[in-house]
Amino acid sequence: YVRQKMSVSSGSDIDTDDDALYTPGWSEYYQDSVFSHDRTASTSSGGDDSPLLQRLLQMAEKIETLERRMSRQSSGNKDLFSQMAEKIELLEGRMDLVEESKKQGSETTANTSDDKSTSANSKEDKNLMKVPEDSYSFVHLCGPLKDPAGFLFGMAVFILQLVLLLTLVLTIVVPDLDTNGALADGSLSSIWPADVEPMVRLAQLVAAVTYALFADESMSDLLTGVMVIPTTMKHAQKGDRIGGLLLSSILRVIQGLAAAVATFFLVFTSTNARDVVLNFAAVNFVSRIDDAAFISAQRGYYLNSNLKQIAVEKIPSRGLPAHIVGKKYPWVTKITVISTAIAMLGGALFVMNQQVSNQFLNTGNFRLVYSGISTGIEKYNGCYRPGDIGHHVDRFLGSRLVYRRKSLSGDSNNMKGAKFGYCKEERRWNLFVADHDDACEVGESSLLAHSSETTDFEIRNTIGDTWFSAQGTPLDLQLITDGVGVSEEGCDAAIGDGRCDEILNIAAYGWDEGDCCAATCVGTECGIKAMQTAFDNVLMHPGNGYPSCKNPEMVSITIVLNEYIPKYSDAFSGFQFQGPPFLTFDCDGINHLMITLPRDGAFVNRAETVKVKDGAFCKLGVRTEISLSYVDYTLYTGVTDRKILSGIANGATIGFHQFQLLRECYAENLSFYTDADSLFSQKPTFQRKVLDLLQSSSLSEYSYSSCNNPYFIERYALAVVLLTAQGDSGSANNAVEIKLREYMEQSQCSWPVVICDGGNVILIDISFEKTSKVFGVTFNGTLAKEIVLFPELKVLIGEGNELGGAIPSEIGQLTDMQEIYLEGNNFSG
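Criteria and thresholds
- Residues numbered from 1 in each chain as written.
- Predicted model: local features only at pLDDT ≥ 70, side-chain atom pairs only at ≥ 80, totals over all residues.
- Heavy atoms only, no water.
- Helix = DSSP H or I, 4+ residues; strand = E, 2+ residues; numbered from the N terminus.
- Buried < 20%, exposed > 50% of the residue type's maximum accessible area, 1.4 Å probe, protein only.
- Contact = heavy atoms within 4.5 Å.
- Areas by Shrake-Rupley, 256 points an atom, 1.4 Å probe, with all protein chains shown as cover.
- Axes fitted to C-alpha atoms, helices over the stretch in contact; angles between N-to-C directions.
- Parallel < 35°, antiparallel > 145°, perpendicular 65-115°, else oblique.
- Nonpolar A, V, L, I, M, F, W, Y, C, P; charged D, E, K, R; others polar.
- Pairing = 2+ DSSP bridges.
- Phe/Tyr/Trp six-rings, centres within 6.5 Å; stacked < 30°, edge-to-face > 60°.
- Disulfide = S-S within 2.5 Å.
- Salt bridge = Lys/Arg side-chain N within 4 Å of Asp/Glu carboxyl O.

Undergrad: Please explain the overall build of the protein as it appears in this structure.
TA: Secondary structure assignment for the protein yields 21 helices and 27 strands. For the protein, buried positions account for 46% of its 829 residues. Long-range contacts, defined here as pairs at least 24 residues apart, represent 65% of the contacts in the protein between residues at least 6 apart. Carbon and sulfur atoms make up 54% of the accessible area of the protein, which totals about 41800 Å².

What follows is the structure, encoded as structure tokens:
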């Protein structure tokens, strides 16, 4: 067998048999050396050479048998022995070659195996994705119940980043969150500038390109969030924490998108190159907070030691599951980068196009409203429209559209030639009158007003800023850029021309600058033929009035015609014209309503509401030209809330009723202490006289008789007590009333009949000795129940007069009262 195999290996025969010569130690040699060496080599190389080793062992045993037999032969067999030795030597040489060849093959196999192992490890390392080292990985690996500290740490960082980014965006998109002043409307120009300098535009474009080509920190967070999104839940292994991984991915994507949006708005709302760079860096700073938080946790800056252990041991050594977007669909990340870059660059080009175009960011029509001291600027109130598009306008170089005033037919205040323009050299908007459109070439004589210094090219954004006259005096000037007043229809109406324009009858335009209410209208055309209907009927002939008065500062008076007998003729009777009766209503000397009463009595039991100034002194007149005409009417406050008066006019008479309307604040303050109907009644009571005295002296909110006076109730009560105690309210020579008119200009604590403590009356002296000196009369009236309205009254002196009637029972409610002197009077009951 050995001879056959060796013959195959060497190409020659080896003649041996079982009685070959024997040399001691061969078997041991092969067993202890060759076999063991080859076994080791075979094992280390990973091959399977056990059959060959078995054959070598068998060959060694046969050689030993041959040597034993040859040793027993005679010397004659020495030649045979020599031949055998030569063959054995040849066999050993060939075995050495085989062994060497086998050894080289083992090394090659081992090297090949090592190379394959290294390649496999490299491939495995390449395919292995570790958990990102940021604070969001705490959300991934720490459950809210298992490790709440780590989970809340990751969520806190996310909330902090999101709040900062949203704050940056919202203060731009919703400007009133970042200002206390007046704002322009919500147009595009209130979000980003209408125009910027060329260098600023270049910086904006470079920032957009940089963001698109070189992913900054915010883009990195977005990509990381997309890459680690799990694609399936089916193949999840124990410990993968797919739910936490999904949540952390969503948080990264939200933060990345918020940072991208913030970058866009901050860059393109900047008006100088420095702000562009600083805003770009600010977003990157916010985006790096999650990385900084992770590093801080690694270094043990936080008190919770578990955070450091997670950051140092758990997160760096943790691999991501196999089924995530980054492994299964790597092309998704490329699409994310490309789409974000396209969005950023597209948004940049869109904004720049809007800034260059005359169609978008320019303020459209706006209205100038000047209502301050007369300076001549009020002549230029009205609508201003942008000049023709393309009319020598170079937006890129910073030139601006000029706004020209619209001419209105019939507007006596219309002044042609007024213009608004932005002067880039002076950094302000100018209102000027000139034959040209250059706002910088304006002399002092042509300049009417100018804005505060501003780098904002959009005039709507000067709303809320202070405007100045040519001499530098602050002006009460408003620019209104939105609403119906600047529409094409609105611009055809004029403010403050004495004619009520319904489209301008809103608060923003001062209720058409007062044109719609009698108390505020100025001009010769106020209210003329404005009444087309009255008392729920269409008038045959338009009357004078203000049917569209909406100013909330006005109060309502309602006129009700209870009965009406219209008998008249249009024919002449001799030289006297017999015409229809007519109704007039005037307040504070201004006509509020004037209409002709119809023939058919259609106004009977009908009502008409008129708006008047609070506290106005009014007069209602009904005139009848012939006998037998009869009118019965009633006046109410509000919509028939409280009756003011009733009146009748009949025969050829003119019936007039005069009254002063009680101010609403008076009624509100006194309604807790007295009957409301008596307050509004026009009957000549002591209470009504006092109210008229108080109203006539309350010319401002700071006067002693103002509703805002904290001691108003005591002032009212003291005046009522004095008038009631004097008595004889119908006397034309009422000494107390005359004195009270003088006292209305003083504090009640300075009146000679009282003593006050801290503003409250604590003593009232209406004794004969005091009143005879102060008023020169003896009091013979009664003690008014209003005495109860002095909560801190301690002493009441009224002795020696002729006071009568019953002592008011309400006096028992004065808990601070200590002394009362009422002897020598005529009290009863």
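Undergrad: Would you take a moment to explain the packing of helix 9 (residues 242-268) against helix 10 (residues 273-287) for this structure?
TA: Each packed pair of helices is defined by two parameters, the angle between the axes and the distance between the axes. Interhelical geometry of helix 9 versus helix 10 gives an angle of 170° and a closest axis separation of 9 Å. Put simply, helix 9 runs roughly antiparallel to helix 10. When helix 9 is examined against helix 10, the residues Gln-255, Ala-259, Ala-262, Thr-263, Leu-266 and Val-267 are found in contact with a partner set consisting of Val-276, Asn-279, Phe-280, Val-283 and Ser-287. Its residues placed into classes, the contact of helix 9 with helix 10 shows 7 nonpolar, 4 polar and no charged.

Undergrad: Any chance you could explain the sheet that holds strand 6 (residues 447-451) here in plain terms?
TA: Read from one edge of the open sheet, 9 strands run 8-7-6-5-4-3-2-1-9, paired in antiparallel fashion. Strands with a single pairing partner mark the edges of an open sheet, and in this sheet they are strand 8 (474-475) and strand 9 (477-480). Of the pairings in the sheet, the one linking strand 1 (residues 366-370) to strand 9 comprises 4 bridges and is antiparallel in character. Directly across from Arg-367, in strand 9, lies its bridge partner Ile-480.

Undergrad: I would appreciate a short explanation of the environment of Lys-308 in the present structure.
TA: Mapped onto the elements, Lys-308 comes out in helix 12 (residues 305-314). The class of Lys-308 is partly exposed, set by a relative accessible area of 40%. C-alpha separation for the pair Lys-308 and Ala-297, spaced 11 residues apart in sequence, amounts to 5.0 Å. When residues no more than four places from it in sequence are discounted, the contact partners of Lys-308 are Ala-297, Gln-298 and Gly-300.

Undergrad: Looking at this structure, I do not really get the packing of aromatic side chains. What am I missing?
TA: Describing an aromatic ring pair means giving the distance of the ring centres and the angle of the ring planes. Under the definition given, this model contains 15 aromatic pairs. When the centroid spacing of 6.1 Å and the interplanar angle of 70° are considered together, the rings of Tyr-329 and Trp-331 count as edge-to-face. Since its relative accessible area comes to 38%, Tyr-329 is described here as partly exposed.

Undergrad: I'm lost on the state of the cysteines in this one. Help?
TA: Each disulfide consists of one covalent bond between the sulfur atoms belonging to two cysteines. Scanning all chains against the criterion turns up 7 disulfides. Residue pairing for Cys-517: its cysteine sulfur links by disulfide to Cys-549, the two sulfurs lying 1.9 Å apart. Looking along the S-S bond of the Cys-517-Cys-549 disulfide, the torsion reads about 95°, which is the right-handed sense. Of this pair, Cys-517 sits in the loop between helix 15 (510-513) and strand 10 (531-534) while Cys-549 sits in the loop between strand 11 (537-545) and strand 12 (554-565), placing them 32 residues apart in sequence. Neither residue differs from the other here; Cys-517 and Cys-549 are each classed as buried. A sulfur-sulfur distance of 2.0 Å marks the disulfide that ties Cys-521 to Cys-526.

Undergrad: It is not clear to me how the pattern of salt bridges should be interpreted in this structure. Could you clarify?
TA: Where side chains of opposite charge bring their charged atoms close, a pairing between them can arise. Counting across every chain of the model gives 9 salt bridges. With its nearest N and O atoms 3.8 Å apart, the salt bridge here joins Arg-499 to Glu-525. Taken together, the residues span a long stretch of sequence, with Arg-499 in the loop between strand 9 and helix 15 and Glu-525 in the loop between helix 15 and strand 10 at a distance of 26 residues. Of the residues examined, Arg-499 reaches a relative accessible area of 37% and is grouped as partly exposed. Taken together, the shared-partner salt bridges in this structure form one network comprising Asp-497, Arg-499 and Glu-525.

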